[in-house]
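Listed below, chain by chain, are the residues.
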Amino acid sequence: CLLMNKHMITPKIELSEVKTKADLLRFVKFPFHLYASNPYWVAPIIQEELNQFNPNSNPVYEHASSRLFLAKRDDEVVGRIAALINFYEVDKMGIKKMRFGWFDFVDDIEVSRLLLEKVHQIGYENHLEFVEGPVGFSNMDKVGILTMGFEEKGDMISWYNAPYYAKHMEVLGYQKANEWLEHYFDVDLHPDRTSQYTRMAEVIKRRYHLKVIRFTKTQEIMPYIDKIFDLFDKTYNKLVSYVPLSDKQIQFFKAKYIKLIDPEFIKYVEDEQGNPIAFAITMRSFSEALQKANGRLFPFGFYHLLRAKKNSKEVLFYLIGVHPDFQKKGVVAIIFDEFAQSYIKHGIKRAYRTPELETNTDIHSLWKEFNPINHKRRKTFRKNIEANP
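Below you will find a few notes about this structure. Note that the coordinates shown come from a computational prediction; the quantities given were computed from them, not determined experimentally.

## A look at the overall build of the protein
From N to C terminus, the protein includes 13 helices and 13 strands. Computed over the C-alpha atoms, the radius of gyration of the protein is 22 Å, within 12% of the 21 Å expected from 2.2 N^0.38 for a compact globule of 389 residues. For the C-alpha atoms alone, the extent of the protein along its principal axes is close to 80 × 45 × 40 Å. Considering the protein as a whole, with its 389 residues, one finds that 54% of them fall into the buried category. Total accessible area on the protein is roughly 18600 Å²; 51% of this is exposed by carbon and sulfur atoms.

Rendered as structure tokens:
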């Protein structure tokens, strides 16, 4: 922060709405400057960030809107925020939520206050009841302010931030809305454990007449993507943060991530009628590759990502789902057995679980025998909209 004394006047902070391609690029690149010297921040791919806010690229705009703002001091960007409304959530689900995301700022309370007041104002103008964030447009986007784990490397599917973010929220009168936990466990694949998974998996498969569909090529996965997302909806629709995805959004996320996932790291279980029963998606860690790429796929970014896709010894547990009728019936043993075989083959040493709601006790219980380490926490914050600030 600039200090005021008799010889210095603090320059005024001004907000400007993103209207041009140049403004949007400044919006996307602000964290690159804010965290340029931070060894734990992982750069997103710049073009993918730009596509997030392009209605011609991102189908979420069929039922959502966004307004982006930059905070500037002497024309230098010192903060950014995206004000988001998901109209399916508001109109169909009756949740009068004003969302905000892509929220970054220097350690100056005036900057964060002005950005959040703008979101509050937009929520008031749209007759919404409360503000919550940081979140994206849907459950498939990044979520939460990091509150623990600042010296842990970030990843491609979560936001990183400095410790002062949460303090600003509290000072400005925001309260905890939801909390997410992140864990990792070292992959212990000695023969006794893997044989235990195999024995349990065989019993469960025989008992419920289930079979595993294995993939070795990306094109083999495509016929099952819609079934996976249908099961995803059945598995997660009771969570407090859930908003359904449209078919076009599913295709958008498929195009975004499928090229980065080794087909052997997607597991799929169906019954004898071909109905989806369980799935799990893991992907190798791209953190170091993304740091090397520094937001750009050309000329060398693709090379770093392809190397990580083949050689990284760490994986992210991206999604796992079990049909409600088969939960707590041991079906996860099939998933664990399949992953054990793949991890042995590829020499995987550590698995990271991406953010899971603190209240989702069912998902936490799946992992207890792996002795997971809770290394990160993150929160969303909310505030009621009572008047136009």
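## Structural notes on helix α5 (residues 164-171)
Of the residues making up α5, those classed as buried are Tyr164, Tyr165, Ala166, His168 and Met169. Residues of α5 that are buried sit in contact with α1 (21-34), β4 (97-105), α4 (109-125), β6 (145-148) and β13 (373-384). Among the residues trailing α5, glycine 173 stands out with phi positive, at a value near 85°.

## Regarding the packing of aromatic side chains
Each pair of aromatic rings is reported with the distance of its centres and the angle of its planes. With the rule as written, the count across this model stands at 34 aromatic pairs. Ring centres 5.4 Å apart and planes at 65° place the aromatic pair tyrosine 61 and phenylalanine 137 in the edge-to-face group. Residue tyrosine 61 is found in the loop between α2 (46-52) and β2 (64-73), and its partner phenylalanine 137 is found in the loop between β5 (130-133) and β6; the two are separated by 76 residues along the sequence. In terms of burial, tyrosine 61 and phenylalanine 137 fall into one category: buried. On the numbers, 5.1 Å between centres and 70° between planes, the contact of phenylalanine 317 with phenylalanine 339 is edge-to-face. Pair noted here: phenylalanine 317 is in strand β11 (residues 314-322) and phenylalanine 339 is in helix α12 (residues 332-346), with a separation of 22 residues, a long-range link. Clustering of aromatic rings is evident, with ring pairs tying together Phe185, Tyr197, Phe265, Phe317, Phe336, Phe339, Tyr343, Trp367 and Phe370. Here arginine 80 stacks its cationic end above the ring of phenylalanine 27, 5.0 Å away from the centre of that ring. The ring of phenylalanine 130 carries arginine 382 above its face, with NZ or CZ at 3.9 Å from the centroid.

## Things to note about the pairing of strand β3 (residues 76-86)
The element β3 is extensively covered by neighbouring structure, given that 10 of its 11 residues are classed as buried. Examined bridge by bridge, β2 and β3 share 10 bridges and lie antiparallel to one another. Within β3, the position partnered with phenylalanine 69 by the bridge is isoleucine 81. Hairpin remark: β2 followed by β3, antiparallel, with two residues in the connecting loop; positive phi at aspartate 74, about 55°. Bridging between β3 and β4 involves five bridges; their strand directions are antiparallel. Residue pairing across strands places arginine 80 opposite aspartate 104, the latter belonging to β4.

## As for the pattern of salt bridges
Working definition: two side chains of opposite charge can pair if their charged atoms are close together. The final tally for this structure, using the stated rule, is 24 salt bridges. Between lysine 248 and glutamate 62 there is a salt bridge, with its nearest N and O atoms 2.9 Å apart. Of this pair, lysine 248 sits in helix α9 (residues 247-257) while glutamate 62 sits in the loop between α2 and β2, and the two are 186 residues apart along the sequence. With a shortest N-O distance of 3.0 Å, arginine 377 and glutamate 179 are connected by a salt bridge. Of this pair, arginine 377 sits in strand β13 while glutamate 179 sits in strand β7 (residues 175-186), and the two are 198 residues apart along the sequence. A relative accessible area of 26% places arginine 377 in the partly exposed class. Look at glutamate 179 and you get buried, because its relative accessible area is 8%.

## Considering the environment of glutamate 338
Mapped onto the elements of the fold, glutamate 338 is located in helix α12. Separated by 137 residues in the primary sequence, glutamate 338 and alanine 201 place their C-alpha atoms 9.0 Å from one another. What glutamate 338 contacts, discounting residues up to four positions off in sequence, is Val212, Arg214 and Lys267.

## Describing the pairing of strand β12 (residues 350-357)
Most of β12 sits out of view: six of its eight residues are buried. Where β7 and β12 come together, six bridges link them in antiparallel fashion. In the strand pairing of β12, tryptophan 180 is matched with leucine 357. Two elements, β11 and β12, share four bridges in a ladder whose sense is parallel. If you follow glutamate 314 over to β12, its bridge partner there is arginine 350.

## A closer look at the side chain of arginine 80
Relative to the helices and strands, arginine 80 is located in strand β3. Residue arginine 80 is classed as buried on the basis of its relative accessible area of 3%. Here the side chain of arginine 80 touches tryptophan 102 through a polar contact of 3.2 Å, landing on its backbone oxygen. Apart from residues lying up to four places away in sequence, arginine 80 is in contact with Phe27, Val28, Phe30, Pro31, Phe69, Leu70, Trp102, Phe103, Asp104 and Leu115.

Calculation rules
- Residues numbered from 1 in each chain as written.
- Predicted model: local features only at pLDDT ≥ 70, side-chain atom pairs only at ≥ 80, totals over all residues.
- Heavy atoms only, no water.
- Helix = DSSP H or I, 4+ residues; strand = E, 2+ residues; numbered from the N terminus.
- Rg over C-alpha atoms; globule rule 2.2 N^0.38 Å.
- Buried < 20%, exposed > 50% of the residue type's maximum accessible area, 1.4 Å probe, protein only.
- Areas by Shrake-Rupley, 256 points an atom, 1.4 Å probe, with all protein chains shown as cover.
- Contact = heavy atoms within 4.5 Å.
- Phe/Tyr/Trp six-rings, centres within 6.5 Å; stacked < 30°, edge-to-face > 60°.
- Lys NZ or Arg CZ within 6 Å of the ring centre and 35° of its normal.
- Pairing = 2+ DSSP bridges.
- Salt bridge = Lys/Arg side-chain N within 4 Å of Asp/Glu carboxyl O.
- Polar contact = N/O pair within 3.5 Å; in protein donor to acceptor, adjacent residues only side chain to side chain.

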